[in-house]
Amino acid sequence: MTITKEKIYHHLTMTSRSFAAVIQDLDEELKDPICLFYLILRGLDTIEDDMSIDLDIKIPYLKKFHEIIYQKGWNFTKNGPNEKDRQLLVEFDTVIDAFLCLKPAYQTIIADITKQMGDGMAHYATAGINVETNADYDEYCHYVAGLVGLGLSEMFSACGFESPMVAKRKDLSNSMGLFLQKTNIARDFLEDLRDKRFFWPKEIWGRYADRMEDLIKPENQAKALHCLDHMVFNAMSHIKDVLEYLSMIKNQSCFKFCAIPQVMAIATLTLVHNNYKIYTHENIKIRKGETVWLMKEAVDIDTVAAIFRYYARLLNNKTNPLDPHFIDIGVLCGEIEQVCVERYPNSTEQLARLNAGVLGGSTGSTLAAAAVVAGAVAFSSTFA
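Basis of the calculations
- Residues numbered from 1 in each chain as written.
- Predicted model: local features only at pLDDT ≥ 70, side-chain atom pairs only at ≥ 80, totals over all residues.
- Heavy atoms only, no water.
- Helix = DSSP H or I, 4+ residues; strand = E, 2+ residues; numbered from the N terminus.
- Rg over C-alpha atoms; globule rule 2.2 N^0.38 Å.
- Buried < 20%, exposed > 50% of the residue type's maximum accessible area, 1.4 Å probe, protein only.
- Contact = heavy atoms within 4.5 Å.
- Areas by Shrake-Rupley, 256 points an atom, 1.4 Å probe, with all protein chains shown as cover.
- Patch = residues over 30% accessible without salt bridge, like charges linked within 9 Å, V, L, I, M, F, W, Y side chains within 5 Å.
- Salt bridge = Lys/Arg side-chain N within 4 Å of Asp/Glu carboxyl O.
- Axes fitted to C-alpha atoms, helices over the stretch in contact; angles between N-to-C directions.
- Parallel < 35°, antiparallel > 145°, perpendicular 65-115°, else oblique.
- Left-handed = near helix turned anticlockwise from the far one by under 90°.
- Nonpolar A, V, L, I, M, F, W, Y, C, P; charged D, E, K, R; others polar.
- Phe/Tyr/Trp six-rings, centres within 6.5 Å; stacked < 30°, edge-to-face > 60°.

**Student:** Just give me the short version of the overall build of the chain, but keep the residues and values in it.
**Tutor:** What the chain contains, in helices and strands, is 20 helices and zero strands. Against the globule reference of 21 Å for 384 residues, the chain gives a C-alpha radius of gyration of 21 Å, in line with a compact fold. C-alpha atoms of the chain, sized along the principal axes, occupy 60 × 45 × 40 Å. Split into buried and exposed, the 384 residues of the chain put 56% on the buried side. When contacts within the chain are restricted to residue pairs at least 6 apart in sequence, those whose partners lie at least 24 apart make up 75%. Here the chain has roughly 16,500 Å² of accessible surface; of this, 53% comes from carbon and sulfur atoms.

Okay, structure coming up:
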């Protein structure tokens with residue numbers, strides 16, 4: 001098993017440095033199950049994402065992947081040579097060997113989420129990604145991210161680290177995934193447009209342009225910013241659920257594992273808000289030093305609530321008074337502030353500490369020093 005474990009963590013590092021970094025802080029009980037959960041879903045996604053594979057070949061694999069993970073010796077060599085994670089599937093028998101060594105409870109959770117995600121992928125691969133309404137948008141994000149949140153919550157409860165209520169509150173688990181996914185979708189507009197992937201719902205962008213491609217035209221800059229801020233407002237609708245979910249997590253390693261991507265997301269969303277570079281530049285990211293600072297601070301619910309208050313204030317201050325959602329965003333930021341003050345009163349003290357560090361310059365020096373460490377972490381996205 002030692003050789004197998006070395007291989008699966010090698011695959012993890014090769015497919016996602018960010019996930020490999022965060023997973024190291026998990027307690028031993030959950031480290032392997034969550035690593036394999038990620039690798040199995042990454043393998044499924046590598047088949048789904050490869051446009052060189054014909055649908056008549058792809059669809060059966062997507063629908064039966066939850067059964068394939070029980071087949072010792074199985075691997076997949078039909079990916080195109082340029083597919084990023086092709087090698088993971090070429091050596092997928094190693095992942096299966098490790099999966100079959102997990103406790104049956106973890107196997108069941110992973111297989112169930114894999115089945116649901118595979119069915120969703122098969123549907124979108126057949127019908128196309130047609131995101132017309134906000135409900136369509138939520139459904140798509142559920143299949144690609146919300147289901148991951150559900151699976152993780154079930155593992156947290158199954159191992160006894162967390163209350164059964166964590167797994168039962170599927171609405172909160174789903175919001176955890178949707179907040180991350182919607183932040184990435186708002187940020188990655190130009191990259192997705194280049195690849196002819198249209199994830200922004202027409203119910204939103206159709207209010208500002210006749211075609212989504214028109215948003216990048218210089219003469220449409222004002223409308224494009226209004227549209228972007230509408231997308232930001234949509235993502236922000238999940239923040240109160242995120243905070244409620246995190247307040248339920250008691251195990252320290254589980255808390256950090258969940259909280260770090262969420263504070264990264266609110267920082268990223270603040271960067272994206274009212275930022276026209278979304279339409280002119282790809283690879284928009286928060287600073288590496290800021291990433292490490294957030295990783296260091298996301299240790300308890302009071303500090304995380306303070307971080308959300310800090311960025312919500314920054315985001316609100318960036319809102320253009322002429323933006324159609326100026327009032328809506330202000331009201332939502334006010335509600336986030338109120339929730340944090342009422343439910344996490346110690347966040348006020350933590351917020352004062354964070355502000356003192358930023359205004360006094362100590363945070364800046366911390367961020368500068370942490371940049372060296374950030375090179376090793378190398379987060380490639382909010383939650384890759």
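This is not the end of the story, as more comes after the structure.
**Student:** Give me the environment of Pro33: which residues, what numbers.
**Tutor:** You can see Pro33 is positioned in helix α3 (residues 28-49). Accessibility expressed as a relative area gives 3% for Pro33, which makes it buried. Spatially, the C-alpha atoms of Pro33 and Ala98 are 9.1 Å apart, while their sequence positions differ by 65 residues.

**Student:** If you had to explain a nonpolar patch on the surface to someone new, which residues and values would you point to?
**Tutor:** Where nonpolar side chains cluster on the molecular surface, the patch consists of Phe326, Ile327 and Val331 and spans about 270 Å² of accessible area. Position of Ile327 among the secondary structure elements: in helix α18 (residues 326-343).

**Student:** For the packing of helix α14 (residues 239-248) against α18, give the residues involved together with the corresponding values.
**Tutor:** Close contact between α14 and α18 brings their axes to 10 Å; oriented N to C, the two are set at 20°. Taken together, the axes of α14 and α18 lie roughly parallel to each other. Viewed along their axes, α14 and α18 form a crossing whose handedness is right-handed. Contacts between α14 and α18 involve Ile239, Lys240, Leu243 and Glu244 from the first element and Leu332, Glu335, Ile336, Val339, Cys340 and Arg343 from the second. Residue composition of the contact of α14 with α18, by class: six nonpolar, no polar and four charged.

**Student:** So what about the packing of aromatic side chains? Which residues, and what values?
**Tutor:** By the definition in use, this model includes 17 aromatic pairs. Between Phe65 and Phe92, the ring centres sit 5.5 Å apart and the planes meet at 55°, which makes this aromatic pair tilted. With a gap of 27 residues between them, Phe65 in helix α4 (residues 55-68) and Phe92 in helix α6 (residues 92-99) connect regions that are remote in the sequence. Assigned by exposure class, Phe65 and Phe92 land together as buried. Between Phe179 and Phe308, the aromatic rings sit 6.4 Å apart at their centres with planes inclined by 40°, giving tilted as the arrangement. Taken together, the residues span a long stretch of sequence, with Phe179 in helix α10 (residues 170-187) and Phe308 in helix α17 (residues 301-318) at a distance of 129 residues.

**Student:** Break down the packing of α10 against α14 for me, with residues and values.
**Tutor:** Axis separation between α10 and α14 bottoms out at 8 Å; the angle between their running directions is 120°. By the angle class used here, α10 and α14 are oblique. Where α10 crosses over α14, the two elements pack in a sense that is left-handed. For the pair α10 and α14, the contacting residues are Asp171, Leu172, Ser173, Ser175, Met176 and Phe179 in the first and Ile239, Asp241, Val242, Glu244, Tyr245, Leu246 and Met248 in the second. Among the residues forming the contact of α10 with α14, the class breakdown is eight nonpolar, two polar and three charged.

**Student:** Mind laying out helix α16 (residues 288-297), listing which residues take part and the relevant values?
**Tutor:** Here α16 lies mainly inside the structure; eight of its 10 residues are buried. Taken together, the buried positions of α16 are occupied by Gly289, Glu290, Thr291, Val292, Trp293, Leu294, Met295 and Glu297.

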